[in-house]
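Each chain is listed here by its residues.
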Amino acid sequence: MTLAQTERAALADLFGHLGPDQPTLCDGWDTADLLAHLLVRERRLDAALGVLIKPLAGWTARVSAGYRSRPWADQIELYRSGPPGFSPLGWGPIDEKANGMEMFIHHEDARRGQPDWEPRDLSETTRSQLIPMLTSGLMLRSVKKAGIPMTAWLTDTPGGHDRPIVLVPSTELVGGDGSAEGVTLHGGVAEILLWLSGRSQVRLEFAGDPAAVAAVRAGRK
C-alpha cells in the first residue's frame, strides 16, 4: 500500500476513536472541521477552491456544512473510501503525489492535537517515502526566504547513524558563495517535515548561530 493509502486508513480509524470535537494542530479547527476539509478537498473541487480564493469561501463553508450534517460515522466511511472515480486525486500516481503528504500531515494534526501525543515509530517504508518530501519546493518555500543555509540531520536512520540532508544550500541563496554559516536541524524525518509545514508540536533541536536560528524559526511561524 502507498503512503496515501496507509495514512488515510489510519486517520479514518483515529477520527472514529477521537470523535468530532477534539482539537487539532490546524489553527481553529477541531476534528470535525478537519474531516470536512478533507471531504471537500477530494469530493468537491468546485468548493475546495474557497480555501485559496476568498470570494469562494462562503460556498466552501456551505458545502462543508453539508458534509458535517451527516452522521459522524458516515463521514468517516466516506473519507475512508477515498476520492470518487471522477476525481483526479484518486487516480494512481496522482493519488500518491497529491495525497501522500496531505494524509500524513493531517494524520499528525489530529494525533498531535491531543495532549498525550508521542512521535510514531515509523516503518522504514514510511520513512523512505517521507524523506524526498523534505526537499520539495513547497516545503522549503518559507525557509528559503530567511536567506540562511539549512541542513537536516535525520536521527531516526536505521543503525543509529545520523544522515545529513541539505535543505537550503548556500549556493541557492541570492549572492550565495557557499561560505555563509547555516542552521542545522536534528530530529526524525517526521519531525522535520512537520516543522517545515508550519507545525509547532515537534521534537527538534536547532544548532547554529543564535541569530540565524531565531530568523529561521521566526520564518516558520
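A short tour of the structure in this document, coming up. (Residues numbered from 1 in each chain as written. Predicted model: local features only at pLDDT ≥ 70, side-chain atom pairs only at ≥ 80, totals over all residues. Heavy atoms only, no water.)

### A closer look at helix H8 (residues 137–144)
Heads up, the rule is: Burial classes: relative accessible area under 20% of the type maximum marks a residue as buried, over 50% as exposed, and values in between as partly exposed (1.4 Å probe, protein chains only). Note on conventions: DSSP H or I runs of at least 4 residues are helices, E runs of at least 2 residues are strands, and numbering of each starts at the N terminus. Along the arc lie the directions from the helix axis toward the C-beta atoms.
Restricting attention to buried positions, one finds in H8 the residues Met-139, Leu-140 and Val-143. The arc that holds every buried residue of H8, seen down its axis, measures 75°, which confines them to one face. Relative to its buried face, H8 has exposed residues pointing more than 90 degrees away, namely Gly-137, Leu-138 and Arg-141.

### Section: the nonpolar core
The nonpolar side chains of a soluble globular protein tend to be buried, and buried together. As a reminder, the rule being used: The set of buried Ala, Val, Leu, Ile, Met, Phe, Trp, Tyr and Cys residues whose side-chain atoms join them within 4.5 Å is what this entry labels a nonpolar core.
Counting residues in hydrophobic clusters, the biggest one holds 33 residues, and the most contacted among them are Leu-134, Leu-167, Trp-195 and Leu-196. When residues of this core are traced back to their parent elements, those giving at least two are helix H6 (92–112), H8, strand E1 (150–154), strand E2 (163–168), strand E3 (183–187), helix H9 (189–196) and helix H10 (210–219). Per-element accounting of this core gives the leading share, seven residues, to H9. Judged by nonpolar contacts, the second largest core, of 21 residues, contains Leu-18, Tyr-67, Trp-72 and Ile-76.

### Describing the pairing of E3
Heads up, the rule is: Paired strands, in this sense, are two strands between which DSSP finds at least two bridges.
Along E3, the buried face is formed by Val-183, Leu-185 and Gly-187; none of Thr-184 and His-186, which line the opposite face, is buried. Examined bridge by bridge, E1 and E3 share five bridges and lie parallel to one another. Counted as the bridge partner of Trp-153 is His-186 from E3. Bridging between E3 and strand E4 (residues 205–208) involves four bridges; their strand directions are antiparallel.

### Re the sheet that holds E4
The condition that has to hold: Orientation is described by lines fitted to C-alpha atoms, with helices fitted over the stretch in contact, and by angles between N-to-C directions that extend from 0 to 180 degrees.
Judged by pairing direction, the sheet is mixed, and its four strands sit side by side in the order E2-E1-E3-E4 without closing on themselves. Of all the strands in the sheet, just E2 and E4 have a single pairing partner and so form its edges. Adjacent strand axes in the sheet meet at a mean angle of 25° when their direction is disregarded. Direction of pairing for E1 relative to E2: antiparallel, over a ladder of five bridges. For Thr-151, the partnering residue across the bridge sits in E2 and is Val-166.

### Examining the packing of aromatic side chains
Put simply, the rule reads: Two aromatic rings, drawn from Phe, Tyr or Trp (for Trp, its six-membered ring), form a pair once their centres lie within 6.5 Å of each other, and the interplanar angle then sorts them: stacked below 30 degrees, edge-to-face above 60, tilted otherwise. Geometrically, a lysine NZ or arginine CZ counts as sitting over a ring once it is within 6 Å of the ring centre and also within 35 degrees of the ring normal.
Taken as a whole and assessed by the stated rule, the structure comprises three aromatic pairs. Pairing Phe-15 with Trp-72 gives two aromatic rings, centres 5.8 Å apart and planes at 80°, and the pair type is edge-to-face. In this pair, Phe-15 sits in helix H1 (residues 3–18) while Trp-72 sits in helix H5 (residues 72–80), placing the two residues 57 residues apart along the sequence. Per residue, the accessibility class of Phe-15 equals that of Trp-72, and both read buried. Ring geometry for Trp-195 against Phe-206: centres 5.3 Å apart, planes inclined by 70°, an arrangement best described as edge-to-face. Of the two residues, Trp-195 sits in helix H9 while Phe-206 sits in strand E4, which places them eleven residues apart along the sequence. Linked through ring pairs, Phe-15, Trp-72 and Tyr-79 together constitute an aromatic cluster. Lying across the ring of Trp-117, Arg-203 places its NZ or CZ 4.5 Å from the centre.

### Quick notes on helix H2 (residues 31–43)
Applied cut-off: To estimate how far a helix should extend, the number of its residues minus one is multiplied by 1.5 Å.
Between its first and last C-alpha, H2 extends 18 Å over 13 residues, near the 18 Å set by a 1.5 Å rise per residue. Of all 13 residues making up H2, twelve are buried, and the element is well covered by its neighbours. Among all positions in H2, only Thr-31, Ala-32, Leu-34, Leu-35, Ala-36, His-37, Leu-38, Leu-39, Val-40, Arg-41, Glu-42 and Arg-43 are buried.

### Considering the environment of Arg-199
Keep this limit in mind: In this description, contact between two residues means that some pair of their heavy atoms is separated by no more than 4.5 Å. We call two N or O atoms a polar contact when they sit within 3.5 Å, provided that within protein one can donate a hydrogen and the other can accept it, with sequence-adjacent residues counted only if both atoms are side-chain atoms.
Following the sequence through the fold, Arg-199 ends up in the loop between H9 and E4. Contact partners of Arg-199, with chain neighbours within four places excluded, come to Leu-25, Cys-26, Ile-105, His-106, Asp-109 and Leu-194. Within polar-contact distance, the side chain of Arg-199 engages the side chain of Asp-109 at 2.7 Å. In terms of polar contacts, Arg-199 uses its side chain to reach the backbone carbonyl oxygen of Ser-197, at 3.0 Å.

### Remarks on the environment of Trp-91
Among the structural elements, Trp-91 can be located in the loop between H5 and H6. Accessibility expressed as a relative area gives 44% for Trp-91, which makes it partly exposed. Leave out the neighbours within four places in its chain, and Trp-91 touches Gly-85 and Phe-86.

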